[in-house]
Amino acid sequence: MRAVVFDEVRTQPDVREVAKPVAPVGGVVVKVLATGMCRSDWHAWAGHDDIEMPHVPGHELAGVIDSVGEGVQRWKVGDRVTVPFVCGCGACEWCLAGDAQVCPEQQQPGFTHWGSFAEYVALHAADSNLVAIPESIEFTTAASLGCRFATAYRALAARAKVKAGEWVTVVGAGGVGLSAVMIAKAMGAKVIAVDRNPDALAVAARLGADHTVLADGSDIPAAVNVLSGGGSHVAVDAVGSEQTCADAILSLRRRGRHVQIGLLPSIDGNPQVPMARVIGWELDLLGSHGMAAVDYPGMMALIEQGALQPQLLIERTIGLGDAAALLPGFDKSNPAGMTMVDPAL
């Protein structure tokens, strides 16, 4: 099969012919029809995750089952499926409680094993992790759910428990940030979107953001405080940097809730967080690490009804060659939406 491969961290990936995967026991091989390019893929390329070389990135995917491993009961060849980026083992106490996103034995395509920047990808514990794609939902739309959209959905609905009428500040208007804007508006919140890219802010406004703030070095928390009349009830860091995390936390009103979605790798030690504000104002700091397959039906239903439209977040679709070229600089790119990859291109 054709796949995007890199042999060492921070080296230029290329597209090459590699062996097609074999379905593991309890798992499947999926023919990839769409896969998303995410900042998390860049983190793996940059060496911020423990991965084996050579490596194939990619963790947001949708396609059809190509082969089924021994022991799989719920799925057959030809089924239309997607999968969360965290695949739980299906047997531990967290998986059995419906919290596969924190499974200690989790598998992650594109991180713990070869991922979906390829024509085929192997997935583990299929009966616990695969999600059926309704015929009315396109493969590109389904692929966009696996990391950014599902993570934003669970972050706001299950972690922050956003209520109608609350102010939500979203720092970062990339794929996950724009997802959060759309979802927060669907929940009845008033939304402030913050980003350094004016084009991304224009998209956020089209998706319903009540206000947009350009991150141009000005005082973001002060701007949010004025716009929201005292600070947000909920803030989301959808980027993952010391600055964006601090801006989000300092944008909160007293007893507000912060959700950290963007990865904060401890490259030079753990990042500084304004803990004095957290303590003095009794702020809640919440992590959000994807969403388990058992929680997908509610989100899928809202997409089928048109209440959520993740397809509007897709900015472009590229081929494997373009994906290989773009990956090393993806942390510096300013997409106004999601980049999807079609392995057939």
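Per chain, residues are indexed from 1 in the order of the written sequence. It should be noted that, the model being predicted, local features are given only for residues of pLDDT at least 70 and side-chain atom pairs only at 80 or more, the latter also being counted only at that level, while totals for whole chains, interfaces and linings use all residues. Side-chain numbers come from the whole structure's heavy atoms, not from hydrogens or water.

Here we look at the overall build of the protein
Numbering goes from the N terminus for both helices and strands, where a helix is a DSSP run of H or I of at least four residues and a strand is a run of E of at least two. Along the protein, the regular secondary structure elements total 12 helices and 15 strands. Note on method: radius of gyration uses C-alpha positions; expected globular size equals 2.2 Å times residues raised to 0.38. For 345 residues, the compact-globule estimate of 2.2 N^0.38 gives 20 Å, and the C-alpha radius of gyration of the protein, at 19 Å, lies within 12% of that figure. C-alpha atoms of the protein, sized along the principal axes, occupy 55 × 40 × 35 Å. Between buried and exposed lies partly exposed: a residue is buried under 20% and exposed over 50% of the maximum accessible area for its type, with that area taken using a 1.4 Å probe on protein chains only. For the protein, the residues scored as buried account for 55% of the 345 residues in total.

Quick look at the packing of helix H5 (residues 145–159) against helix H11 (residues 296–305)
All axes are obtained by fitting lines to C-alpha atoms, using only the stretch in contact for helices, and the reported angles, taken between N-to-C directions, cover 0 to 180 degrees. Contact geometry for H5 and H11: axes closest at 11 Å, N-to-C directions at 95°. As the angle between them shows, H5 and H11 are arranged roughly perpendicular. On the side of H5, the interface is formed by Leu145, Gly146, Phe149, Ala150 and Tyr153, while H11 contributes Tyr296, Gly298, Met299, Met300, Leu302 and Ile303. Residue polarity follows a fixed list, in which Ala, Val, Leu, Ile, Met, Phe, Trp, Tyr, Cys and Pro are nonpolar, Asp, Glu, Lys and Arg are charged, and the others, Gly among them, are polar. Counted by class, the contact of H5 with H11 contains 9 nonpolar, 2 polar and no charged residues. In these notes the angle categories are as follows: under 35 degrees is roughly parallel, over 145 is roughly antiparallel, 65 to 115 is roughly perpendicular, and the rest is oblique. Should any heavy atoms of two residues lie within 4.5 Å, those residues are considered in contact.

Overview of the pattern of salt bridges
Take a side-chain nitrogen of Lys or Arg and a carboxyl oxygen of Asp or Glu: if they are within 4 Å of each other, that pair is a salt bridge. Taken as a whole and assessed by the stated rule, the structure comprises 10 salt bridges. Residue Asp7 pairs with Arg16 through a salt bridge whose shortest N-O separation is 3.1 Å. Residue Arg80 is joined to Glu135 by a salt bridge in which the shortest nitrogen-to-oxygen separation is 3.9 Å. Of the two residues, Arg80 is situated in strand E5 (residues 80–82) and Glu135 in the loop between strand E7 (131–132) and helix H4 (139–143); the sequence distance between them amounts to 55 residues. On the basis of relative accessibility, which here comes to 68%, the residue Glu135 falls in the exposed class. Put simply, Asp7, Asp14 and Arg16 are held in one network by salt bridges that share partners.

Quick word on the packing of aromatic side chains
For any pair of aromatic rings, the description rests on two quantities: the centre-to-centre distance and the angle between the ring planes. Working definition: a ring pair exists when centres of Phe, Tyr or Trp rings (six-membered ring for Trp) sit within 6.5 Å. Plane angles under 30 degrees give stacked, over 60 give edge-to-face, the rest tilted. Tallied over the full model, the rule gives 0 aromatic pairs. Residue placement shows Lys20 over the ring face of Tyr120; its charged tip is 4.3 Å from the ring centre. The ring of Phe139 carries Arg80 above its face, with NZ or CZ at 4.4 Å from the centroid. Either the NZ atom of lysine or the CZ atom of arginine qualifies as a charge over a ring when it sits within 6 Å of the ring centre and within 35 degrees of the ring normal.

Focus: unusual backbone geometry
What is expected of a backbone is that most residues other than glycine have negative phi and most peptide bonds are trans. Along the chain, Met53 connects to Pro54 via a cis peptide bond; the corresponding omega equals -5°. Following the sequence through the fold, Pro54 ends up in the loop between helix H1 (39–45) and strand E4 (60–68). Positive phi, close to 60°, is recorded for Arg10, a residue that is not glycine. Positive phi values are uncommon outside glycine, yet Arg255 reaches one of about 65°. With respect to the helices and strands, the residue Arg255 is situated in strand E12 (residues 252–260). Residue Arg255 is classed as exposed on the basis of its relative accessible area of 60%.

Quick notes on the sheet that holds strand E11 (residues 232–237)
Being paired, for any two strands, means DSSP has found at least two bridges between them. Ordered by their spatial adjacency, 6 strands build an open sheet running E10-E9-E8-E11-E12-E13, and the pairing between neighbours is parallel. Unpaired on one side and paired on the other, strand E10 (211–214) and strand E13 (284–287) mark the two borders of the sheet. For this sheet, the mean inter-axis angle between neighbouring strands, taken without regard to orientation, is 20°. Across 4 bridges, E12 lies against E13 in parallel orientation. Bridging across to E13, His258 finds its partner in Leu285. Helix-sheet contacts for helix H8 (residues 220–228) involve strand E8 (167–171), strand E9 (190–195), E10, E11 and E12, and the interaxial angle to E10 is about 165°.

A closer look at the packing of H5 against helix H6 (residues 175–186)
For the pair H5 and H6, interaxial distance at closest approach is 8 Å and the crossing angle is 45°. One finds that H5 runs oblique with respect to H6. At the point where H5 passes H6, the crossing takes the right-handed sense. Two secondary-structure elements touch here, H5 through Arg148, Phe149, Ala152, Tyr153 and Leu156 and H6 through Gly175, Val176, Ser179, Ala180, Met182, Ile183 and Ala184. Looking at the contact of H5 with H6 residue by residue, the classes come out as 9 nonpolar, 2 polar and 1 charged. By convention the crossing between two helices is left-handed if the near helix lies anticlockwise of the far one by an angle smaller than a right angle, and right-handed if it lies clockwise.

A closer look at the nonpolar core
Joining through side-chain atoms within 4.5 Å is the link that ties buried Ala, Val, Leu, Ile, Met, Phe, Trp, Tyr and Cys residues into a set, and such a set is a nonpolar core. Core analysis: the biggest nonpolar cluster contains 54 residues, and Phe149, Leu156, Val168, Tyr296 and Met299 have the highest contact counts within it. Excluding residues that lie within four positions of it along the chain, Leu156 makes contacts with Lys161, Val162, Val168, Ala180, Ile183, Ala184, Met187, Val234 and Val236. The next biggest cluster of nonpolar side chains, apart from the first, holds 27 residues, and it includes Phe6, Trp45, Ala46 and Leu320.

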